[in-house]
Amino acid sequence: MDAEGLHLSLDYLSGSGVILSPEKKAALQTSLIILKTHYKFQRVVLWGKILGIKDDYFIAQGAGRDELTDRKTLYSLNCIDWHLLPPATSAMKEKGALVRGRLMGDPSYEYEHTDVRRVRDGDEYTEEEVTIQIKEEDRIAAVVATIDEEASIVPRGAYIKTPLGEVHANRSFEGLPVTESGKLNSYMHFRAAQKLASKSIKEKADLDPSIDFMDTIEDDIPKGSWSLQFERGSGLVCLRSLLWLGLTFYHVPNTTKYGCLYIGTGEKNLDVPFML
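Residues numbered from 1 in each chain as written. Predicted model: local features only at pLDDT ≥ 70, side-chain atom pairs only at ≥ 80, totals over all residues. Heavy atoms only, no water.

Draft legend 1. Quick look at the pairing of strand S3 (residues 71-76). Direction of pairing for strand S2 (residues 57-63) relative to S3: antiparallel, over a ladder of six bridges. Following the sheet pairing, Gly-62 is matched in S3 by Lys-72. Strand direction decides the pairing type here: S3 and strand S4 (residues 83-84), joined by two bridges, are antiparallel. Paired with Leu-74 across the strands is Leu-84, a residue of S4. Where S3 folds back on S4, the antiparallel hairpin that results is connected by six residues, among which Cys-79 adopts a positive phi of roughly 70°. (Pairing = 2+ DSSP bridges. Helix = DSSP H or I, 4+ residues; strand = E, 2+ residues; numbered from the N terminus.)

So, in structure tokens, the structure goes:
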């Protein structure tokens, strides 16, 4: 959620149990403004909080000129001092997916995972143990990148793609109507499109290339992994991810107010197929 107007944004999520202490909110509002100035970001958002055993990690993201590709992720243990996370590589994501259990709350902590692999030796197979090591800082980067790819969403039309290929906030966006805000195809993954190429010519004919350049969450697998609910009558719509428990998105229909926040352990819910 946008760092500007943080108090109001958190109030919209209070019905989902998302709360921060007054001290944390005051510290975040001040430090995120300093962060934006220091790194010369166009926009700063509070991404969320990953719960650790010793300490919790507060995560923020800063966007440059292109809000989709030019993003940096930072973490803080005290809401005041911020540190850059390394860009998540595919190798880091693979290693991070192997580690199970809660985060320790110490960025320098190293995890060890022993994997048994079968190696072919002529006509026979032998087993060998391979030890994989990953720092907690790298694991956090992998978790944040994975959640961004699978569960970070925005309303349709909130962003626009220019002829140069850059993605900017759409100044003409006035919010989704109440009727449209209750449909899953009105919300899009805030990432590069992965499924648009597989759509038929007839389906693509109904799309506007300037705003329909991302995938909608309607086709997410498994079906039913998003819970959509209206609150305050029809004055607020909330979407909650069952795949990443703790991720909540809100939108106030007919306004430009929307945001996404994650507060959880950073562990993927692998039991979703049995819950549906």
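From this point on, the discussion continues.
Draft legend 2. Just the pattern of salt bridges, in detail. Summed over all chains, the structure comprises 11 salt bridges. Across the pair Glu-4 and Lys-36 runs a salt bridge whose closest N-O atoms are separated by 3.5 Å. Linking Glu-4 in the segment before helix H1 (6-12) with Lys-36 in helix H2 (residues 22-39), this pair joins segments that are 32 residues apart in sequence. Relative accessible area serves as the criterion here: at 59%, Glu-4 is assigned to the exposed category. Lys-268 is the salt-bridge partner of Glu-150, the closest N and O atoms lying 3.2 Å from each other. Placement of the pair is Glu-150 in helix H4 (residues 136-151) and Lys-268 in the loop between strand S14 (258-264) and helix H7 (272-275), with a sequence separation of 118 residues. The class for Lys-268 is partly exposed, based on a relative accessible area of 35%. When salt bridges with common partners are traced through the structure, they connect Asp-2, Arg-43 and Glu-67 into a single cluster. (Salt bridge = Lys/Arg side-chain N within 4 Å of Asp/Glu carboxyl O. Buried < 20%, exposed > 50% of the residue type's maximum accessible area, 1.4 Å probe, protein only.)

Draft legend 3. Local environment of the environment of Leu-32. Mapped onto the elements of the fold, Leu-32 is located in helix H2. A sequence separation of 49 residues divides Leu-32 from Asp-81, and the C-alpha atoms of the two residues are 9.9 Å apart. Setting aside residues no more than four positions away along its own chain, Leu-32 makes contact with Ala-3, Val-44, Leu-46, Ala-60 and Trp-82. (Contact = heavy atoms within 4.5 Å.)

Draft legend 4. Summary view of unusual backbone geometry. Ile-221 connects to Pro-222 through a cis peptide bond whose omega is 0°. Tracing the backbone through its elements, the reader meets Pro-222 in the loop between helix H6 (201-205) and strand S11 (226-231). Despite not being glycine, Arg-232 shows a phi value in the positive range, around 55°. By secondary structure assignment, the location of Arg-232 is in the loop between S11 and strand S12 (236-241). A positive phi angle, near 65°, is found at Asn-254, a position not held by glycine. Mapped onto the elements, Asn-254 comes out in the loop between strand S13 (247-251) and S14.

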